[in-house]
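This is what each chain is made of:
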Amino acid sequence: MNKIKKFSQILFITVFLISCKSSIKKESPINNFEDNIFESTNSEKKRMEIKFSCGDDGISEYLNSGWIILKEDSQEKICTWKSVPATKDCDMEKDKGCKITKPDKIGVEKTYLLEK
């Protein structure tokens, strides 16, 4: 008798839980959810980061295309390197170990954060 009572309680709880799940699925509108996703993708803004260095500057092309500068940053950058002898007696073609490489031209690297 006790086993039958427990089995009927388990069966009752199972039926109750199954009926709750089906009612939740029927109430949620799927079409409204898809419309909200479509609207949110159109309202998002595009962002891009670009860098120009050593005298190159093509930012005007982006500004003419409708991009807006949010942030601009600049820092020094070595554009070219040159090799020099380490000592007066050094022959760089015969002895590669006495060659020193040092910066030749130093320019500016500009970083732009753009938004459209």
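Below, the structure is looked at part by part. Worth saying up front: this structure is predicted, and the values here are computed from it rather than measured. (Residues numbered from 1 in each chain as written. Predicted model: local features only at pLDDT ≥ 70, side-chain atom pairs only at ≥ 80, totals over all residues. Heavy atoms only, no water.)

Observations concerning the pattern of salt bridges
And step 1. Scanning the model with the defined rule gives two salt bridges in all.
And step 2. E115 is the salt-bridge partner of R47, the closest N and O atoms lying 3.2 Å from each other. Of this pair, R47 sits in strand β1 (residues 47-53) while E115 sits in strand β3 (residues 99-115), and the two are 68 residues apart along the sequence.
And step 3. Accessibility expressed as a relative area gives 58% for R47, which makes it exposed.
And step 4. Across the pair K77 and E109 runs a salt bridge, and its minimum N-O distance is 3.9 Å. A residue pair is termed long-range when its members are at least 10 positions apart, and K77 in strand β2 (residues 68-85) and E109 in strand β3 qualify at 32 residues. (Salt bridge = Lys/Arg side-chain N within 4 Å of Asp/Glu carboxyl O. Helix = DSSP H or I, 4+ residues; strand = E, 2+ residues; numbered from the N terminus. Buried < 20%, exposed > 50% of the residue type's maximum accessible area, 1.4 Å probe, protein only.)

Some remarks on the state of the cysteines
And step 1. Across all of its chains, the model carries two disulfides by this definition.
And step 2. At a sulfur-sulfur separation of 1.9 Å, the disulfide partner of C54 is C79. Between C54 and C79 the sulfur-sulfur dihedral comes to about -105°; the bridge is accordingly left-handed. Of this pair, C54 sits in the loop between β1 and α3 (59-64) while C79 sits in strand β2, and the two are 25 residues apart along the sequence.
And step 3. By relative accessible area, which is 33% here, C54 ends up partly exposed.
And step 4. Each sulfur in the disulfide pair C90 and C98 lies 1.5 Å from the other. In this structure, the disulfide formed by C90 and C98 twists by about 65° around the S-S bond and is classed as right-handed. No difference in accessibility class separates C90 from C98, as the two residues are buried.
And step 5. Here the chain pairs its bonded cysteines, counted in sequence order, in the arrangement 1-2, 3-4. (Disulfide = S-S within 2.5 Å.)

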